[in-house]
Amino acid sequence: MDLILTNTATGQKERVYADDGKTLRFYCCGPTVYGPAHIGNFRTFTIQDVFRRTAETLGLKTMHVRNLTDFDDKTIRRSQEEKKSLITFTDYWKNKFHRDCEALNNLPPHIEPSALAHIPEQIDLIQGLMDKGLAYQAGDKSVYFRISAYESYGKLSGLKIEDRKENADGRLNADDEYAKEDFSDFALWKAWKPEDGPNKWDSPWGPGRPGWHVECSAMSMKYLGESYDLHSGGVDLLFPHHENEIAQSEGCTGKQFVRHWFHLAHLMVDGAKMSKSLGNLYTLEEIEAKGFTAEELRYVLISGHYRQSLNFTLDSLGAAKSALTKLRKFKSLLEKHAKNDGEEEGEFGVFGPAMEAMADDLNVAKALGQLFTIVARLEKNPEKICSATAENFSKTIYALGLKLEEPKNQSEEELVPVEIQQLAEARWQAKLNKDWAEADVLRSKITEAGWTIKDSKDGFEILKS
RNA sequence: GGCGCGGUAGCCAAGUGGUAAGGCCGGGCUCUGCAAAAGCCCUAUGCGUCGGUUCAAUUCCGACCCGCGCCUCCA
């Protein structure tokens, strides 16, 4: 089964393959570590993870590189506001990011280069562009890419420089106008300014730091080669970031930088773009504080098609919770019947239709639809389940990145106040005595106190309402 | 203004030139003192609006309306 994905560069669905015949080499633009990543960031990283898992499930070997941007305007400014060194500051947020990724069950990239650790590579790239006349040092000592010397600029995004000039009125700031040859030229090397504090590095052009776009070109080519298979990021990076990466990389090497561009639509919240001013910007921590799990969030984030923006609501997490419970139950049904030896037709057996949907442009919504249809069918005919069914289910679930583990017991009993515990036990006694009226009175007292009783055959559970 | 994406049931969301997957919610029933859980069943003559093509359109074409994204450093 081939993996098909829409290539932004051509607008066509194309087969994803390893150009060297061995390993699919791909790069994902990673986070800037200056604060907690929000669920919109994680939609991108999680769908990229589904992409990788699906590729692997279909038999492709992968080499996944994702960078960490650990110096830029924001990291420098905020570290200074907090009176911390840049490294201390970014390390904290790197660790936070890694913990969140793990909770969401995103596989760690094979290589995760940090921009700070690759400044020499970035300087080399800039020097290469200088040598070719594609870059120049301006009066402000910064180095810029000379777009007028690079003809195919704009080929990925389809944006025309002339159009942008017309729309740039009022947006230019005086420095840019003064320093750059052309307002569209973007910074490759930013000359040091007093507000950068101790954060400066030496270069042939004086002290300063690389511009943001260079790091992805320099690091991806270092680890994946001058030409590689696929590059991914949020749609907002299409222009200018990825356009600039192409200009820098192809300008320097003269070779095609990336064959396949994989862009992911944004997550909306309650029908609007996420922003701090609207107060609809959630982090994983906030989602968990509302009583949902990372797996429930993952389910929501992957459940829409990646080329379409997905509207996130808290209600959708509730829906995910129920859907996951259903899958979890099915998993234990499989485990009961998995001892039956048996074979299934095709690469993924009865789950073939679900994997076909995954392979066809990563249609997760369709795959989930197929999955639930198959689940319902097998639940009605459990005698058809065999060891191969369980294996094929595992493969499908792996591609989605779900775990379907039983929720952990959070030692609920200990958290329940003593008086509630006593009321509950009194009620259980009343129940055993078949004093239903007394039992109901006690139940409503417990309910009023904010707890819920769930009976089973030989005991009860106390849960927070 | 330019480029791009989208409008399918209460919500989320697939899909097709031949009569609408799936999930959630809701409703009914079963099972248990009740409740919860669980199980079974039901839930769009309709796919933004108006025209056109066609034996047949939600699916193709045209116009229009609405929402969203990008147009210099935001996944």
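Residues numbered from 1 in each chain as written. Chains lettered and ligands numbered in written order. Predicted model: local features only at pLDDT ≥ 70, side-chain atom pairs only at ≥ 80, totals over all residues. Heavy atoms only, no water.

**Quick notes on the packing of aromatic side chains**
Phase 1 of the analysis: Within the structure shown, the criterion is met by 19 aromatic pairs.
Phase 2 of the analysis: Both rings, one in Phe42 and one in Phe97, keep their centres 5.8 Å apart while their planes meet at 10°; by these two values the pair is stacked. Of this pair, Phe42 sits in helix H1 (residues 39–57) while Phe97 sits in helix H3 (residues 86–103), and the two are 55 residues apart along the sequence.
Phase 3 of the analysis: With centroids separated by 5.9 Å and ring planes inclined at 55°, the aromatic side chains of Trp189 and Trp205 adopt a geometry described as tilted. (Phe/Tyr/Trp six-rings, centres within 6.5 Å; stacked < 30°, edge-to-face > 60°. Helix = DSSP H or I, 4+ residues; strand = E, 2+ residues; numbered from the N terminus.)

**A few points about the pattern of salt bridges**
Phase 1 of the analysis: Following the criterion strictly, the structure yields 26 salt bridges and no others.
Phase 2 of the analysis: Residue Arg25 pairs with Asp229 through a salt bridge whose shortest N-O separation is 3.9 Å. Here the residue Arg25 occupies a position in strand S3 (residues 23–28), and Asp229 occupies one in strand S9 (residues 228–234), the gap between them amounting to 204 residues.
Phase 3 of the analysis: Close ionic contact of Glu56 with Arg52 constitutes a salt bridge, the shortest N to O distance being 2.9 Å. On the criterion of helical spacing, the pair formed by Glu56 and Arg52 is a turn pair, its members being 4 residues apart in helix H1.
Phase 4 of the analysis: One continuous salt-bridge network, built from bridges that share partners, spans Asp19, Arg25, Asp229 and Arg259. (Salt bridge = Lys/Arg side-chain N within 4 Å of Asp/Glu carboxyl O.)

**Thoughts on the pairing of strand S7 (residues 187–191)**
Phase 1 of the analysis: Counting buried positions along S7 yields 4 of 5 residues, so the element is predominantly enclosed.
Phase 2 of the analysis: Where strand S6 (residues 143–145) lies against S7, 2 bridges are found, and the strand directions are antiparallel. When the bridges of S7 are listed, Tyr144 appears paired with Ala187.
Phase 3 of the analysis: Where S7 and strand S8 (residues 208–210) come together, 3 bridges link them in antiparallel fashion. Paired with Ala191 across the two strands is Gly208, which belongs to S8. (Buried < 20%, exposed > 50% of the residue type's maximum accessible area, 1.4 Å probe, protein only. Pairing = 2+ DSSP bridges.)

**Description of the sheet that holds S9**
Phase 1 of the analysis: Pairing is parallel in the open sheet, where 4 strands are placed in the order S4-S3-S9-S10. The sheet is open, and its two borders are formed by strand S4 (61–66) and strand S10 (258–264), each paired with just one other strand. Here the average twist between neighbouring strands, direction ignored, is 25°.
Phase 2 of the analysis: Two elements, S3 and S9, share 3 bridges in a ladder whose sense is parallel. What sits directly across from Tyr27, in S9, is His231. (Axes fitted to C-alpha atoms, helices over the stretch in contact; angles between N-to-C directions.)

**Concerning the packing of H1 against helix H10 (residues 294–302)**
Phase 1 of the analysis: Direction vectors running N to C along H1 and H10 enclose 80°, while the axes themselves pass 9 Å from each other. Taken together, the axes of H1 and H10 are roughly perpendicular relative to one another. For the pair H1 and H10, contact is made by Ile39, Phe42, Arg43, Thr46, Ile47, Asp49, Val50 and Arg53 and by Leu297, Arg298, Leu301 and Ile302, respectively.
Phase 2 of the analysis: Split into classes, the residues belonging to the contact of H1 with H10 amount to 7 nonpolar, 1 polar and 4 charged. (Parallel < 35°, antiparallel > 145°, perpendicular 65-115°, else oblique. Contact = heavy atoms within 4.5 Å. Nonpolar A, V, L, I, M, F, W, Y, C, P; charged D, E, K, R; others polar.)

**Description of the sheet that holds strand S5 (residues 135–137)**
Phase 1 of the analysis: As summarised here, the arrangement of the 4 strands in space is S5-S6-S7-S8, forming an open sheet in which the pairing is antiparallel. Among the strands making up the open sheet, the edge pair consists of S5 and S8. Looking at each pair of strands side by side, their axes are set apart by 20° on average, direction ignored.

**What about the environment of Glu243?**
Phase 1 of the analysis: Within the secondary structure layout, Glu243 lies in helix H8 (residues 238–253).
Phase 2 of the analysis: Residue class for Glu243 comes out buried when judged on its relative accessible area of 2%.
Phase 3 of the analysis: Separated by 86 residues in sequence, Glu243 and Ser157 have C-alpha atoms that sit 6.9 Å apart.
Phase 4 of the analysis: When sequence neighbours within four positions are dropped, the list of residues in contact with Glu243 reads Tyr153, Gly154, Lys155, Leu156, Ser157, Gly158 and Leu238.
Phase 5 of the analysis: For Glu243, the side chain forms a polar contact with the main-chain nitrogen of Gly154, separated by 3.1 Å. (Polar contact = N/O pair within 3.5 Å; in protein donor to acceptor, adjacent residues only side chain to side chain.)

**Topic: the side chain of His305**
Phase 1 of the analysis: Position of His305 relative to the elements: it lies in the loop between H10 and strand S13 (310–312).
Phase 2 of the analysis: A polar contact is formed between the side chain of His305 and the backbone oxygen of Asp361, at a distance of 3.4 Å.
Phase 3 of the analysis: Sequence-distant contacts of His305, defined by excluding residues within four places in its chain, comprise Arg43, Asp361, Leu362 and Asn363.

**Overview of the nonpolar core**
General note: in soluble globular proteins, nonpolar side chains tend to be found buried as a group.
Phase 1 of the analysis: Counting 70 residues, the largest nonpolar core has Ile39, Phe51, Phe262, Leu297, Phe312, Leu362 and Leu400 as its most contacted members.
Phase 2 of the analysis: Per element, the largest residue contribution to this core is 8 residues, and it comes from helix H11 (residues 314–337).
Phase 3 of the analysis: Setting aside anything within four residues of it in sequence, one finds Phe312 in contact with Ile39, Leu267, Met268, Val269, Asp270, Tyr282, Ile287, Leu297, Val300 and Leu317. (Core = buried A, V, L, I, M, F, W, Y, C linked by side-chain atoms within 4.5 Å.)

**Observations regarding empty space enclosed by the protein**
Phase 1 of the analysis: Under the definition given, this model contains 1 cavity of 30 Å³ or more.
Phase 2 of the analysis: Its boundaries defined by the atoms lining it, the largest cavity holds a volume of some 40 Å³.
Phase 3 of the analysis: Lining the largest cavity, in full, are Ile47, Val50, Ile302, Gly304, His305, Tyr306, Leu362 and Val364. (1 Å grid on protein atoms, 1.4 Å probe; cavity = no way out; pocket = protein on both sides within 12 Å on 5 of 7 lines; lining within 4 Å. Points joined across faces, edges and corners; volume = space filled by probe spheres on them.)

**Here we look at the packing of helix H12 (residues 352–359) against helix H13 (residues 364–380)**
Phase 1 of the analysis: Two elements in contact, H12 and H13, have axes whose closest approach is 8 Å; the angle formed by their N-to-C orientations is 175°. On the basis of their axis angle, the class for H12 and H13 is roughly antiparallel. Here H12 contributes Pro353, Ala354, Ala357 and Met358 to the contact with H13, which in turn contributes Val364, Lys366, Ala367, Gln370, Leu371 and Ile374.
Phase 2 of the analysis: Looking at the contact of H12 with H13 residue by residue, the class counts come to 8 nonpolar, 1 polar and 1 charged.

**Focus: unusual backbone geometry**
Phase 1 of the analysis: In this model, Phe239 is joined to Pro240 through a cis peptide bond whose omega is 0°.
Phase 2 of the analysis: Relative to the helices and strands, Pro240 is located in helix H8.
Phase 3 of the analysis: A positive phi is found at Asn105, a non-glycine position, where the angle reads about 65°.
Phase 4 of the analysis: Structurally, Asn105 is set in the loop between H3 and helix H4 (119–131).
Phase 5 of the analysis: Among the residues examined, Asn105 registers a relative accessible area of 18% and is labelled buried.
Phase 6 of the analysis: Look at Leu404: it is not a glycine, yet its phi comes out positive at around 60°.
Phase 7 of the analysis: Following the sequence through the fold, Leu404 ends up in the loop between helix H14 (387–400) and helix H15 (412–415).
Phase 8 of the analysis: Residue classification places Leu404 among the buried positions, given a relative accessible area of 2%.

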